[in-house]
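# Tertiary structure, described
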Amino acid sequence: MLVGSLLLFPTVSMKAQDKSLDYCAAKLQSTLKEITRSDGAIDYTMAPFHILQGEQKWDLAKVSNNNWVCGFWPGLLWYDYMYTHDANIRQQAEKFTDAMESIADKPISNHDLGFIIFCSIGNAYKITQKEEYKQTVLRAADNLIKLYNPKVGTILSWPAMRHYKNWPHNTIIDNMMNLEMLFWASKNGGGKNLYDIAVNHALTTMKYHFRKDYSCYHVAVYDTIDGHFIKGVTQQGYSDQSMWARGQSWAIYGFTMAYRETHDTRFLDFVQHVADVYLKRLPKDHVPYWDFDVPVTAETPRDVSSACIAASALLELSTYVSHDKAKYYRSSAEKILSNVSKNYQSKEKNSAMLLHSVGNFPGHGEVDASLIYADYYYMEALLRLKALRHHQPLMLQ
Ligand code: GLY
């Protein structure tokens with residue numbers, strides 16, 4: 001459902017939206033230039049993933065190392081191809097995507113396979129319809145569910161933390177994002193069990209992973225044997241009881257997607273509360289600090305990645321809700337995008353699209369950095385906005 005009046009007074013004008021998309025395309029070209037070696041070759045096994053504060057160049061991760069972010073770069077190239085239809089971008093997207101195939105079959109070591117495979121090879125299949133890509137996603141989905149514990153009703157996120165932190169069965173809120181691959185696989189030749197597992201995971205997460213005010217824990221810890229919820233804690237947030245900014249964005253995105261895939265109105269009712277607490281607590285410029293409960297000083301970093309994930313999710317959510325709520329979510333998403341475009345673009349500072357995200361503040365990792373997934377969800381949100389303007393379905397769904 002589209003809200004006519006919103007089109008008359010958009011926060012992001014069509015011109016501004018196209019300018020930002022052109023900016024994203026230009027930034028991808030500079031990144032490609034940056035990672036091209038002096039002999040003119042590109043190492044397709046290495047994906048750009050962050051530019052740390054004070055540095056000018058991307059650090060590259062070996063894709064075979066299973067870094068959770070390694071699918072975003074190929075995924076971003078596919079988004080860019082959708083926008084530009086540039087044959088060279090498509091060729092680059094294919095080469096980076098092909099370098100990732102083997103990850104789907106590695107022994108599963110954590111829940112990140114959904115992020116890794118679905119943003120890269122999933123996008124690739126939806127655009128190219130190449131059978132090998134589809135088969136890889138189906139194998140990855142079957143691999144991911146090896147971490148499912150039916151007693152708990154969720155997928156285990158971090159096997160290593162069972163012993164390291166004494167978190168027997170742990171599920172992080174980010175894991176909601178991996179369900180999209182299971183839903184998709186189930187509709188595209190995979191088993192019905194993939195759908196059932198995704199639904200159970202979302203229902204269990206809805207029941208235990210949130211506080212009364214609909215803010216979420218980063219990590220929910222469950223008993224492995226009888227499945228009971230033990231406690232909610234944090235790994236990347238300010239405290240166990242705080243609202244970690246990116247976690248809340250994953251929740252908005254994840255439950256909106258769960259509603260899209262199931263039409264279960266419990267998810268739709270719930271996600272509106274989850275979105276509302278996020279929006280209500282945003283600072284004036286609509287870009288959150290890295291945690292909503294951290295004492296704010298002049299030095300407190302923002303997390304632009306959280307803002308971009310939320311903007312993309314809110315645009316989708318605006319298509320499922322009542323007129324007034326649609327207007328609220330659409331204009332909130334546009335405010336976020338407008339402020340991110342005006343104040344957080346990297347411009348000439350580096351080849352990333354955006355500055356000022358936080359990966360893991362307590363772990364002193366990627367504080368106030370450019371992050372590949374901030375760029376990915378920024379471009380996704382801009383493309384979603386464009387699709388909504390043209391009354392088209394949101395891309396790649
Ligand atoms: N999934 C990891 C993060 O959001 O940092």
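As a reminder, the structure under discussion sits directly above these lines.
In this report, the structure presented in the accompanying data block is examined.

Cut-offs applied
- Residues numbered from 1 in each chain as written.
- Predicted model: local features only at pLDDT ≥ 70, side-chain atom pairs only at ≥ 80, totals over all residues.
- Heavy atoms only, no water.
- Pairing = 2+ DSSP bridges.
- Helix = DSSP H or I, 4+ residues; strand = E, 2+ residues; numbered from the N terminus.
- Axes fitted to C-alpha atoms, helices over the stretch in contact; angles between N-to-C directions.
- 1 Å grid on protein atoms, 1.4 Å probe; cavity = no way out; pocket = protein on both sides within 12 Å on 5 of 7 lines; lining within 4 Å.
- Points joined across faces, edges and corners; volume = space filled by probe spheres on them.
- Nonpolar A, V, L, I, M, F, W, Y, C, P; charged D, E, K, R; others polar.
- Salt bridge = Lys/Arg side-chain N within 4 Å of Asp/Glu carboxyl O.
- Buried < 20%, exposed > 50% of the residue type's maximum accessible area, 1.4 Å probe, protein only.
- Contact = heavy atoms within 4.5 Å.
- Near = heavy atom within 4 Å.
- Polar contact = N/O pair within 3.5 Å; in protein donor to acceptor, adjacent residues only side chain to side chain.
- Areas by Shrake-Rupley, 256 points an atom, 1.4 Å probe, with all protein chains shown as cover.

As a further point, take the sheet that holds strand β7 (residues 229–233). Spatial strand order, β5-β6-β7: three strands in an open sheet with antiparallel pairing. Among the strands making up the open sheet, the edge pair consists of β5 (169–172) and β7. Strand-to-strand twist in this sheet, taken as the mean axis angle between neighbours without regard to direction, amounts to 20 degrees. Inspection of the sheet shows strand β6 (residues 219–222) paired to β7 by four bridges, in the antiparallel sense. Across the sheet, V221 pairs through a bridge with K231, a residue of β7.

Turning our attention to empty space enclosed by the protein. All told, the structure shown has four cavities of 30 Å³ or more when counted by the stated rule. As a volume, the largest cavity reaches approximately 220 Å³. Taken together, 19 residues line the largest cavity, and the ones lying closest to its centre are F118, E180, Y253, Y376 and E380. Looking at the lining of the largest cavity, the elements that each hand over two or more residues are α5 (113–128), α8 (179–187) and α14 (372–389). A per-class count over the lining of the largest cavity returns eleven nonpolar, four polar and four charged. Each pocket or cavity is described by its volume, and for the second largest cavity that value is around 70 Å³. What lines the second largest cavity is simply N66, I103, K106, P107, I108, S109, N110, D112, L113, I116 and N143.

What follows is about the layout of surface pockets. Taken as a whole, the largest pocket holds about 390 Å³ of empty space. As for the largest pocket, its lining consists of 19 residues, and the residues nearest its centre are W68, D112, W158, Q236 and N360. Per-class residue counts for the lining of the largest pocket are eight nonpolar, seven polar and four charged.

Another aspect to go through is the pattern of salt bridges. For the structure shown, the criterion picks out 18 salt bridges. A salt bridge links R281 to D293; the nearest nitrogen and oxygen atoms lie 2.7 Å apart. Of the two residues, R281 is situated in the loop between α11 (265–280) and α12 (304–317) and D293 in the loop between α11 and α12; the sequence distance between them amounts to twelve residues. Here R281 falls in the partly exposed class, since its relative accessible area comes to 30%. Given a relative accessible area of 32%, D293 falls into the partly exposed group. In the salt-bridge network here, residues are joined through shared partners; they are E180, K187, R260, E261, E316, E380 and R384.

Residue placement: Q17 occurs in helix α2 (residues 14–35). Note: C-alpha distance between Q17 and N149 (132 residues apart in sequence) is 43 Å. The contacts of Q17, once residues within four sequence positions are left out, are V12, L382, L385, K386 and R389.

Here the focus is the sheet that holds strand β8 (residues 370–371). Spatial ordering of the open sheet is given by β2-β1-β8, a layout of three strands whose pairing is antiparallel. Looking at which strands have only one partner, the edges of the open sheet turn out to be β2 (59–62) and β8. Pairing geometry for strand β1 (residues 46–51) and β2, over four bridges, is antiparallel. Within the sheet, the bridge partner assigned to H50 lies in β2 and is D59.

W68, D174, Q236, W244, R246 and W250 make up every residue found near the ligand. R246 is positioned such that a nitrogen or oxygen atom in its side chain is 2.6 Å from an oxygen atom of the ligand. In the model, an oxygen atom of the ligand is placed 2.9 Å from a nitrogen or oxygen of the W250 side chain. Notes on the ligand: free accessible area 200 Å², of which the protein chains cover 93%. For the shell around the ligand, the per-class residue count stands at three nonpolar, one polar and two charged.

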